[in-house]
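Residues per chain are reported as follows:
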Amino acid sequence: MVLISRQTLLEYGKGLLVIVLLLVAWEGFALLIQNNYILPPLGEIFSVLLHPTEPILGGQSLLANTLVSLREVLTGFLVAAALAIPSGLLIGWSREIQVYFNPVIQILRPVPPIAWMPFAIAWFGIGFNSILFIIAMGAFFPILINTIDGVQGVRKRWIEVSEMFHATTFEQLKTVVFPGALPMIWTGLRVSFGVAWMCVVAAEMLPGTSAGVGFLIMYAYNLGQIQVIGAGMVIIGIIGLGADIIFRAGQARLFGWQGKE
Amino acid sequence: MAPVLSIEGITKTFTDGESICRTLDGISFEVEENEIVCIMGPSGCGKSTLLRIINDLEHADTGTIREASKDKTGKPTTAMVFQDHALFPWLTVYDNIVYGLRLSVQKLSEEEIAKRAEGLLSLTHLDSFAKAYPHQLSGGMKQRASVARALAIKPSVLLMDEPFSALDPFTRRELEDEVMRIREDLRTTILLVTHNPTEAIYLADRIIVLSARPAVVAGILYVDIPHPREMANPEFLKIRETIIRMVRGKEGLRE
Amino acid sequence: MQRPGNGTLVFILAGLLVLSIVFILLFAVPGLVYPTDDNPSISLLYASAGSMPQLLNTNQIDAFLIWEPVVSNAQLSGIGKRIAVPADLPPPGKWNNSAINVLVLRNRVISQEPDSSALLSALTTAAINRTSEDPALAENITATWVFGNNPILTPVGSLNPITVEEQSFANMAFTARAVPPESGIVQSVMATTTDTAYNPLSMMNVSVARRGEQFLNGSLVPHTGGSVPTINIGYIPSTDNYAPLYVMVKDSTYFCNRYNFCLVADNPQASRPTSCTLLVQGEPFAKVNLIPGQSGGGIMTTIGQNALDGAFVGSVPAELQIGLGNPSSIIQSINTGGSGLVVGNKAPCRDWPGFVRWAKTRSAAGKPLVIATVQSSIQEDMVREACTYENITVTLYGTNFETDFT
């Protein structure tokens with residue numbers, strides 16, 4: 001089963017070239033400035049990355065902290081998807097319902113999830129639950145909006161076909177609307193995961209957390225260990241990239257028909 | 001014998017804000033069992049609308065539609081083949097064809113469904129493409145799948161809305177032949193809308209010509225030419241001329 | 001929905017398999033399960049100073065250890081009661097003469113601006129003395145600086161900031177002679193990160209304070225020939241512990257009259273002046289900017305980045321960073337005491353031994369106490385050392401990670 005073609009490999013190679021050039025520039029400037037607090041040398045960052053199971057600065061290891069953040073983001077993401085997809089199906093399907101809910105959606109959507117933090121702590125208490133709420137808030141809207149758009153983009157003709165065969169409303173939603181909207185829903189999921197991942201890191205930097213990549217970054221900042229921050233950033237980027245690759249591979253596999261109908 | 005389909009006095013008016021468009025102004029005709037009836041008329045006169053009304057996708061303002069057979073829920077058992085095939089791109093050909101059979105209204109077992117599907121696949125020569133997806137098929141094959149899908153629920157009347165207009169002439173002729181063969185094999189009744197007089201004469205037992213908006217039945221022509229019908233046949237050309245004159249509005253009489 | 005082809009099916013199955021493994025890993029590794037060993041434990045929560053009273057009030061935490069005036073504010077607002085001060089915490093006598101806050105300067109600044117450095121140290125010592133001599137003056141100045149001299153809103157009404165300051169000052173002792181403490185946190189972090197041996201005294205540069213003493217005793221400050229350097233000093237404006245700094249700036253007239261050098265705010269009307277001028281014999285000697293910060297650690301990092309030249313900062317954050325290589329030195333102490341352990345009014349304890357019993361009871365019942373401190377602060381050190389002394393394991397809130405001093 002070939003997931004990556006030779007062409008994709010070539011493209012990734014070109015991207016890698018740019019990254020390598022940036023790294024060389026980084027190292028050059030680090031040697032020039034000679035101040036670990038401003039630009040830590042790459043060697044120090046890699047040394048943190050290459051020992052992911054070692055405790056960092058008297059706390060938990062890089063791996064343990066990463067897993068904590070991943071746990072938070074996956075849970076929040078799944079909760080958001082479980083709520084947003086059915087809501088989106090309903091709102092996209094019924095013009096009536098959409099008229100009621102559209103204004104509140106458009107008002108809440110631009111609010112950055114971090115702004116909800118004080119409410120989150122007040123309603124859910126400090127710790128995992130409030131962070132979960134923040135992530136779910138961030139992940140919810142991209143999925144919802146894409147689901148609504150996906151539903152409304154389903155060709156009218158397909159729905160007529162199901163009507164013609166006397167499908168019930170539920171059957172229409174299940175056999176036509178949902179599969180027809182699924183490519184857009186998938187895109188929404190991909191975008192939403194990225195947002196959720198950003199949210200979790202920011203949420204952990206706020207007081208009340210004791211673990212996670214965001215927390216680790218704040219902790220390292222308080223101790224002036226900027227190379228740990230660099231390592232944290234690399235981890236964040238890698239996971240974001242990995243998730244994106246997985247989603248896109250899924251898109252190619254599951255929706256090969258898209259754009260060709 | 002009672003006609004399979006009997007429509008009477010169908011009117012339909014579309015209102016679009018300010019403008020009122022009386023599309024159908026009292027359409028009445030009947031369709032007998034195992035007939036192929038073609039509906040023709042100038043563009044925009046409501047041919048498609050009429051078919052959609054028959055198929056219950058739209059409601060007429062006045063008039064009645066009577067069908068000899070209805071399913072258990074009292075709904076009409078017509079099925080339509082659209083011009084743009086409208087297959088579901090995420091389903092295989094097989095799953096597309098049996099789509100209607102899997103709905104709760106049908107209550108068929110998976111074995112029965114498989115049996116019907118087998119018959120339809122061989123009827124439309126799509127046996128080896130059962131697991132393919134629509135985007136992998138040619139235009140003609142997609143339309144054949146669309147026909148198979150419509151036939152799957154054993155409709156009392158097979159409705160076809162300009163089914164071959166989007167295809168090249170060679171494929172079109174192939175599919176026209178197939179339609180006639182299906183009519184022979186399954187004893188299907190077919191109501192087909194087309195704007196191509198040659199196609200209508202090639203296929204139809206009767207041709208119903210509609211006038212321009214507000215449309216009424218301008219005339220009904222019987223095509224008595226034996227199959228296979230050839231354009232060179234003078235009778236063929238005569239009917240063709242009549243149709244064109246009727247559509248242009250120069251004749252309104254029944255012949 | 002669809003009967004998927006073989007390739008897609010394999011992909012989906014593989015994906016589900018990976019997902020399951022990931023989930024098991026995630027929930028097995030840093031679980032939310034409290035440790036099940038026999039040792040009593042307590043859960044340590046990191047929070048900001050300002051959020052702690054609220055957390056206690058809403059029963060999300062059982063106790064907090066923080067600096068003044070947060071402690072006094074919480075008491076007078078009826079949110080909680082103070083049951084212990086650092087002197088009460090074990091190891092016995094550990095915190096009696098330990099510097100809680102210190103003045104730190106970057107080494108390069110000390111060598112490039114030796115006189116300005118010494119003058120800052122001198123003024124700090126002088127301000128410490130002034131604060132101890134005239135507490136009422138200091139309370140007034142601090143009330144304005146920290147609270148803006150507006151009434152403090154509390155759940156039971158509003159408080160006069162002066163009342164809070166009176167209570168707070170009773171809990172602080174200002175001195176330039178306290179010694180940077182031996183911190184368990186610094187010890188364990190340094191042990192796992194560097195090869196340098198941990199010695200708090202070696203983090204000090206006493207020459208600066210010595211020269212400052214000379215200036216206090218009347219030595220003339222040498223002229224510099226015109227150039228007026230800018231020195232950026234950081235501090236945390238939410239704490240009473242830096243009262244000498246506030247007094248230094250707001251009561252500058254006293255210092256100008258007595259010592260011929262002083263730190264004058266460019267805008268004396270501002271409740272929290274930022275740009276000030278160090279005057280010697282009435283002439284500008286240096287520009288000093290007072291930069292507010294959020295955390296001791298962050299301030300120390302900013303010093304390392306050359307964006308700050310020094311700071312009034314907690315002793316543990318200072319030692320932590322200097323121990324890990326921050327090129328700065330501790331000049332002198334500012335105060336001892338100045339913190340408190342606060343529990344809810346209904347908590348079943350009135351002192352530290354009572355708190356320990358409470359902690360053990362709760363831990364045995366499967367509901368360990370939750371205590372909040374500011375991360376990497378001396379207060380965190382106090383909590384961890386005291387609990388370790390009492391054989392109570394300290395775990396980080398929301399994880400089963402046990403902290404310890406290696």
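Criteria and cut-off values
Residues numbered from 1 in each chain as written. Chains lettered and ligands numbered in written order. Predicted model: local features only at pLDDT ≥ 70, side-chain atom pairs only at ≥ 80, totals over all residues. Heavy atoms only, no water. 1 Å grid on protein atoms, 1.4 Å probe; cavity = no way out; pocket = protein on both sides within 12 Å on 5 of 7 lines; lining within 4 Å. Points joined across faces, edges and corners; volume = space filled by probe spheres on them. Nonpolar A, V, L, I, M, F, W, Y, C, P; charged D, E, K, R; others polar. Domains from an automatic or database assignment. Helix = DSSP H or I, 4+ residues; strand = E, 2+ residues; numbered from the N terminus. Contact = heavy atoms within 4.5 Å. Buried area = accessible area lost by both parts, 1.4 Å probe. Salt bridge = Lys/Arg side-chain N within 4 Å of Asp/Glu carboxyl O. Polar contact = N/O pair within 3.5 Å; in protein donor to acceptor, adjacent residues only side chain to side chain. Phe/Tyr/Trp six-rings, centres within 6.5 Å; stacked < 30°, edge-to-face > 60°. Buried < 20%, exposed > 50% of the residue type's maximum accessible area, 1.4 Å probe, protein only. Lys NZ or Arg CZ within 6 Å of the ring centre and 35° of its normal. Pairing = 2+ DSSP bridges. Axes fitted to C-alpha atoms, helices over the stretch in contact; angles between N-to-C directions. Expected span 1.5 Å × (residues − 1). Arc of directions from axis to C-beta. Disulfide = S-S within 2.5 Å. Core = buried A, V, L, I, M, F, W, Y, C linked by side-chain atoms within 4.5 Å. Patch = residues over 30% accessible without salt bridge, like charges linked within 9 Å, V, L, I, M, F, W, Y side chains within 5 Å. Areas by Shrake-Rupley, 256 points an atom, 1.4 Å probe, with all protein chains shown as cover.

**Student:** Looking at this structure, how should I read empty space enclosed by the protein?
**Tutor:** In this structure the tally under the stated criterion is 4 cavities of 30 Å³ or more. In this structure, the largest cavity occupies an estimated 180 Å³ of space. Of the residues in the lining of the largest cavity, the class split is 10 nonpolar, 9 polar and 2 charged. Counting the residues that make up the lining of the largest cavity, at least three belong to each of domain 1 (44-96 + 339-396) and domain 2 (101-337) of chain C. Quantified by volume, the second largest cavity comes out at close to 60 Å³. Every residue lining the second largest cavity is listed: Thr124(B), Arg144(B), Val147(B), Phe164(B), Leu175(B), Glu178(B), Val179(B) and Ile182(B). Of all the secondary-structure elements, those providing two or more residues to the lining of the second largest cavity are helix H4 (139-152) and helix H5 (169-186) of chain B.

**Student:** Which parts of the structure should I look at to understand the domain arrangement of chain C?
**Tutor:** Interface size is commonly expressed as the accessible area that is lost once the parts come together. All names here are of chain C. Along its sequence, chain C is organised into domain 1 (44-96 + 339-396) and domain 2 (101-337). Using only C-alpha atoms to locate each centre, domain 1 and domain 2 end up separated by 27 Å. In this complex, domain 1 contributes 25 residues to the contact, which on the side of domain 2 involves 28 residues. Of the roughly 2,000 Å² buried between domain 1 and domain 2, counting both surfaces, carbon and sulfur atoms make up 59%. Summed over the three residues of domain 1 that lose the most area to domain 2, namely Glu-68, Pro-69 and Leu-76, the buried surface amounts to 27% of that side. Applying the counting rule to domain 1 against domain 2 returns 0 salt bridges. Taken together, the connections running from domain 1 to domain 2 amount to 12 residue pairs in polar contact (both at pLDDT 80 or more). Going through the elements one at a time, helix H3 (70-76), strand E14 (339-344) and helix H15 (378-389) are the ones with two or more residues in the side of domain 1 that touches domain 2. It is H15 that contributes the most residues to the side of domain 1 that touches domain 2, 5 residues altogether.

**Student:** Is there a simple way to think about the packing of aromatic side chains in this case?
**Tutor:** We describe a pair of aromatic rings using the distance from one ring centre to the other and the angle between the two ring planes. Summed over the entire model, instances satisfying the criterion amount to 26 aromatic pairs over all chains. Aromatic pair Phe77(A) and Phe193(A): ring centres 5.4 Å apart, planes at 85°, arrangement edge-to-face. Taken together, the residues span a long stretch of sequence, with Phe77(A) in helix H3 (residues 62-93) and Phe193(A) in helix H8 (residues 169-205) at a distance of 116 residues. Take Phe193(A): its relative accessible area is 8%, and that puts it in the buried class. Each ring, one from Phe215(A) and one from Tyr219(A), has its centre 5.9 Å from the other, and the planes form 10°; the classification is stacked. Separated by 4 residues within a single helix, Phe215(A) and Tyr219(A) lie in helix H9 (residues 213-222), roughly one turn from each other. Across the pair, exposure class does not vary: Phe215(A) and Tyr219(A) are buried alike. Site record: aromatic cluster; members linked through ring pairs are Phe77(A), Trp186(A), Phe193(A), Phe247(A) and Phe255(A). Sitting over the ring of Phe88(B), Arg149(B) keeps its end group 5.6 Å from the ring centre. Over the ring of Tyr202(B) we find Arg173(B), and its NZ or CZ is 4.1 Å from the ring centre.

**Student:** I would appreciate a short explanation of the sheet that holds strand E9 (residues 261-265) of chain C in the present structure.
**Tutor:** In sheet architecture, strand pairing relies on hydrogen bonds along the backbone and comes in two forms, parallel and antiparallel. Residues and elements named next belong to chain C. Within the open sheet, the 8 strands sit side by side as E7-E13-E4-E12-E8-E11-E10-E9. Their pairing is mixed. Unpaired on one side and paired on the other, strand E7 (172-174) and E9 mark the two borders of the sheet. Across the sheet, the mean angle from the axis of one strand to that of its neighbour is 25°, orientation sign disregarded. Bridge analysis of E7 against strand E13 (residues 328-337) gives 3 bridges, and the strand direction is antiparallel. Directly across from Met-172, in E13, lies its bridge partner Gly-337.

**Student:** How should the side chain of Asn289(C) be read in this particular structure?
**Tutor:** All names here are of chain C. Tracing the chain through its elements places Asn-289 in strand E11 (residues 283-292). Here Asn-232 takes part through its side chain, which lies 3.0 Å from a polar atom of the side chain of Asn-289. In this structure, Asn-289 is in contact with Thr-230, Ile-231, Asn-232, Ile-233, Thr-274, Ser-275 and Cys-276, ignoring residues within four places of it in sequence.

**Student:** So what exactly am I meant to see when it comes to helix H3 (residues 110-123) of chain B here?
**Tutor:** Since there are 3.6 residues in each turn of an α-helix, residues three or four apart along the chain are aligned in direction. Residue and element names in this part refer to chain B. Across its 14 residues, H3 extends 20 Å between first and last C-alpha, which sits within 8% of the 20 Å expected from 1.5 Å per residue. Buried within H3 we find Ile-113, Ala-117, Leu-120, Leu-121 and Leu-123. Axial view of H3: buried residues confined to an arc of 155°, hence all on one face. The outward face of H3, more than 90 degrees from its buried face, is lined by the exposed residues Glu-111, Lys-115 and Glu-118. The elements touched by buried residues of H3 are helix H2 (93-97), H4 and H5. Two residues or fewer after H3 comes His-125, characterised by a positive phi angle close to 55°.

**Student:** Just checking my understanding: could you explain the state of the cysteines for this structure?
**Tutor:** Disulfide: a covalent bond connecting the sulfur atoms of a pair of cysteines. Residue and element names in this part refer to chain C. Applying the stated criterion across every chain yields a total of 1 disulfide over all chains. Between the sulfur atoms of Cys-256 and its disulfide mate Cys-262 the distance is 1.7 Å. When the S-S torsion is 55°, as for the bridge of Cys-256 with Cys-262, the disulfide is right-handed. The buried category is assigned to Cys-262, whose relative accessible area is 1%. Unpaired in this structure, Cys-349 has its nearest cysteine sulfur neighbour in Cys-387, at a distance of 12 Å.

**Student:** Would you mind going over the nonpolar core with me for this structure?
**Tutor:** As a rule of thumb, nonpolar side chains are buried together in soluble globular proteins. Core analysis: the largest hydrophobic core is formed by 266 residues, its most contacted members being Leu50(B), Leu191(B), Ile207(B) and Phe355(C). Sort the elements by how many residues they give to this core and H8(A) lands first, with 15 residues. Sequence-distant contacts of Phe355(C), defined by excluding residues within four places in its chain, comprise Ile42(C), Ala63(C), Ile83(C), Leu341(C), Val343(C), Cys349(C), Leu369(C) and Ile371(C).

**Student:** Explain the layout of surface pockets here, please?
**Tutor:** Residues and elements named next belong to chain C. Here the second largest pocket defines a volume of roughly 960 Å³. Around the second largest pocket sit 50 residues that line it, and Ala-47, Ser-48, Ala-49, Gly-50 and Val-374 are the ones nearest its centre. For the lining of the second largest pocket, the residue count by class is 27 nonpolar, 22 polar and 1 charged. Mapping the lining of the second largest pocket onto the domain boundaries places at least three of its residues in each of domain 1 (44-96 + 339-396) and domain 2 (101-337).

**Student:** Would you mind showing me how to read the pairing of strand E15 (residues 370-373) of chain C here?
**Tutor:** Each regular strand displays side chains that alternate between the two surfaces of the sheet. All names here are of chain C. Neither face of E15 is open: one carries Val-370 and Ala-372, the other Ile-371 and Thr-373, and all of them are buried. Bridge count between strand E1 (residues 41-46) and E15: 4 bridges; the pairing is parallel. Each residue of the ladder has a partner; that of Leu-44, found in E15, is Ile-371. Bridge analysis of strand E2 (residues 63-67) against E15 gives 2 bridges, and the strand direction is parallel. The partner of Phe-64 across the bridge, within E15, is Ala-372.

**Student:** Mind showing me how you'd approach the interface of chain A and chain C here?
**Tutor:** Counting residues at the interface gives 41 residues for chain A and 43 residues for chain C. Both sides of the chain A and chain C interface together cover about 3,500 Å² of buried area, and 68% of this is carbon and sulfur. At the boundary of chain A and chain C, one finds 0 salt bridges. Across the contact surface, chain A and chain C share 9 residue pairs in polar contact (both at pLDDT 80 or more). Class assignment for the residues of the side of chain A that touches chain C results in 25 nonpolar, 14 polar and 2 charged.

**Student:** Looking at this structure, I do not really get a nonpolar patch on the surface. What am I missing?
**Tutor:** Residues and elements named next belong to chain A. A cluster of nonpolar side chains, namely Leu-16, Ile-19, Val-20, Leu-23, Val-24, Phe-46 and Leu-50, defines an oily patch on the protein surface of about 650 Å² accessible area. No other element matches helix H1 (residues 6-33), which puts 5 residues into the nonpolar patch. Along the polypeptide, Leu-16 turns up in helix H1.

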